[in-house]
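# Observations on chain architecture
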Amino acid sequence: MTAQHIKLEDILVASHLLKDVVHQTPLQKNFILSEKYGCNVFLKREDLQVVRSFKIRGAYNMIRSLPEDKLHKGVVCASAGNHAQGVAYSCKALQIPGKIFMPTTTPRQKISQVKLFGGPFVDVVLTGDTFDDSLREALDYGEREGLSFVHPFDHPKVIAGQGTVGLELMNDMQGPVDYVFAGIGGGGLIAGMSTYIKGVSPSTRVIGVETTGAPSMRQSVDSGEIVTLGEIDKFVDGTAVKRVGELTYDICREFLDDIIVVPEGKVCTTILELYNENAIVAEPAGALSVAALEFYREQIAGKNVVCVISGGNNDIDRMQEIKERSLIYEGLKHYFIVNFPQRAGALREFLEYVLGPTDDITRFEYTKKTSKENGPALVGIELKHKDDYGPLIERMEQRGLRFSEINKDPNLFNLLI
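Overview of the structure. (Residues numbered from 1 in each chain as written. Predicted model: local features only at pLDDT ≥ 70, side-chain atom pairs only at ≥ 80, totals over all residues. Heavy atoms only, no water.)

### Some thoughts on the overall build of the chain
Secondary structure assignment for the chain yields 18 helices and 14 strands. Its C-alpha radius of gyration of 24 Å places the chain within 12% of the 22 Å reference for a compact globule of 417 residues. Across its three principal axes, the chain shows a C-alpha extent of roughly 80 × 50 × 40 Å. For the chain, with 417 residues in total, the buried portion stands at 57%. Pairs at least 24 residues apart make up 74% of the contacts formed inside the chain by residues separated by at least 6 positions. Of the roughly 18,100 Å² of accessible surface on the chain, a fraction of 48% belongs to carbon and sulfur atoms. Of the side-chain charges in the chain, 46 are positive and 55 negative, and the distance between the mean point of each set is 3 Å. (Helix = DSSP H or I, 4+ residues; strand = E, 2+ residues; numbered from the N terminus. Rg over C-alpha atoms; globule rule 2.2 N^0.38 Å. Buried < 20%, exposed > 50% of the residue type's maximum accessible area, 1.4 Å probe, protein only. Contact = heavy atoms within 4.5 Å. Areas by Shrake-Rupley, 256 points an atom, 1.4 Å probe, with all protein chains shown as cover. Lys, Arg positive; Asp, Glu negative; His and termini not counted. Charge placed at Lys NZ, Arg CZ, Asp CG, Glu CD.)

As structure tokens, this is what we get:
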């Protein structure tokens, strides 16, 4: 397949088909982000979509385009969450059966939403640890049962449906659009959007955003062929894909101006800032576009910039982990294995002479169940300011403490934290 398989007309047709099903989500200027980055930042609020993500667009467009005999037989799909909700909503709206395969690692909130939107028309099957595992199971099931497979990203109708996000934002902007940022998982959203945006405004720079833990499109484009990643970080579950699509890869290679990779910790900081400063509940994948602005600060100064908030299906149970990852990324949370001197008062001296006036111990536990006073301790310390880290290390060394920094040892960190 080549990028020519998706045309502007396909996206216009999809927009007409979707007009009575999806919300035309608002494009809002964000004054806080605009001031922070010295430009005009607009947020395309797909978190306010009918299923709280853009995925309904591609799912419904493809399902509604099936021949009548295949449509009424039902559909099958695989998804880490948002695509499943789009398929479930479509199944209920069209009164057809759907079989939905999801990874066992999918947040509970997304599973509940799928069942809510699909009601009695859908059956959810949890299988595998990643999207790719669920995809294999779904494809096998669909082939056995003769059901149409609704691909989450690599199908012309799905891509055309997602492209309507680009159509709307370009129509809603009063002036020129200099930059558009959007996250990449399998590539359906950015492929559809870039097809439309580059078709009507070739000068607009379209930037895809991935995480350091799952840069499948970045590595594929760099390699000149599609790369299947080995291990991925599944934290940003909406974009945790080991292998991008054939069609989406071709389109991204042709139309994207850049693909930027951001750390998961930066995404977590962005989620918290969007919530605390703007009352926007963004899921990790939904915050990717805004997280990228920090790394494009110089290029976007004085420009008109659009960030797609692609989804708002965030599980409240994950907020503690999101805060923890943010603090570690920002250099405000540090973990140590500390070997305290084997004498009375050693811990008291640590509290009195090593901790700074605004440092706080957030975790303390001996690593041995017996002979606690002689064993090393796991100590978590939260700082008020990033610059307090250096003086803390100096004081630990001055007191002659033997310690290991867990933050700097990935294997130890994943084992203990």
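### Section: the side chain of Glu210
Relative to the elements of secondary structure, Glu210 occurs in strand S8 (residues 205-211). The charged side chain of Glu210 is buried without a salt bridge, its nearest counter-charge being Arg218 at 6.2 Å. Engagement of the side chain of Glu210 in a polar contact is seen with the backbone nitrogen of Met217, the distance being 2.7 Å. Setting aside anything within four residues of it in sequence, one finds Glu210 in contact with Ile184, Pro215, Ser216, Met217, Arg218, Ile259, Ile260, Val261, Val262 and Leu288. (Salt bridge = Lys/Arg side-chain N within 4 Å of Asp/Glu carboxyl O. Polar contact = N/O pair within 3.5 Å; in protein donor to acceptor, adjacent residues only side chain to side chain.)

### Here's the deal with the packing of aromatic side chains
For the structure on display, the rule yields ten aromatic pairs. Ring geometry for Tyr335 against Phe413: centres 6.4 Å apart, planes inclined by 70°, an arrangement best described as edge-to-face. Of this pair, Tyr335 sits in strand S11 (residues 333-339) while Phe413 sits in helix H18 (residues 410-416), and the two are 78 residues apart along the sequence. Assigned by exposure class, Tyr335 and Phe413 land together as buried. Aromatic rings pair up to connect Phe340, Phe350, Phe364 and Tyr366 into one cluster. The ring of Phe235 has Arg325 lying over it, and the distance from NZ or CZ to the ring centre is 4.2 Å. (Phe/Tyr/Trp six-rings, centres within 6.5 Å; stacked < 30°, edge-to-face > 60°. Lys NZ or Arg CZ within 6 Å of the ring centre and 35° of its normal.)

### Description of empty space enclosed by the protein
Here the structure, examined in full by the defined rule, presents three cavities of 30 Å³ or more. What the largest cavity holds in volume is close to 330 Å³. Contributing to the lining of the largest cavity are 28 residues, with Phe54, Lys55, Gly185, Gly238 and Thr239 lying nearest its centre. At the level of secondary structure, the elements contributing two or more residues to the lining of the largest cavity comprise helix H5 (82-94) and helix H9 (188-200). Here the lining of the largest cavity takes three residues from H9, the largest share from any one element. A per-class count over the lining of the largest cavity returns eleven nonpolar, 13 polar and four charged. Space inside the second largest cavity adds up to approximately 80 Å³. Considering the residues around the second largest cavity, the lining is formed by Ala80, Pro103, Thr105, Thr106, Pro107, Asp129, Thr130, Phe131, Ile232, Lys234, Asp237 and Ala240. For the lining of the second largest cavity, a count of residues per class yields six nonpolar, three polar and three charged. (1 Å grid on protein atoms, 1.4 Å probe; cavity = no way out; pocket = protein on both sides within 12 Å on 5 of 7 lines; lining within 4 Å. Points joined across faces, edges and corners; volume = space filled by probe spheres on them. Nonpolar A, V, L, I, M, F, W, Y, C, P; charged D, E, K, R; others polar.)

### A word on the packing of helix H1 (residues 8-18) against H9
In helix packing, the relevant descriptors are the interaxial angle and the interaxial distance, both defined with respect to the helix axes. One can describe the packing of H1 onto H9 by two numbers: an axis separation of 9 Å at closest approach and a directional angle of 115°. When the axes of H1 and H9 are compared, the pair comes out roughly perpendicular. Between H1 and H9 lies a crossing whose hand is left-handed. In this structure, H1 uses Leu8, Ile11 and Leu12 to contact H9, whose residues at the interface are Gly192, Thr195, Tyr196, Gly199 and Val200. Of the residues in the contact of H1 with H9, the class split is five nonpolar, three polar and no charged. (Axes fitted to C-alpha atoms, helices over the stretch in contact; angles between N-to-C directions. Parallel < 35°, antiparallel > 145°, perpendicular 65-115°, else oblique. Left-handed = near helix turned anticlockwise from the far one by under 90°.)

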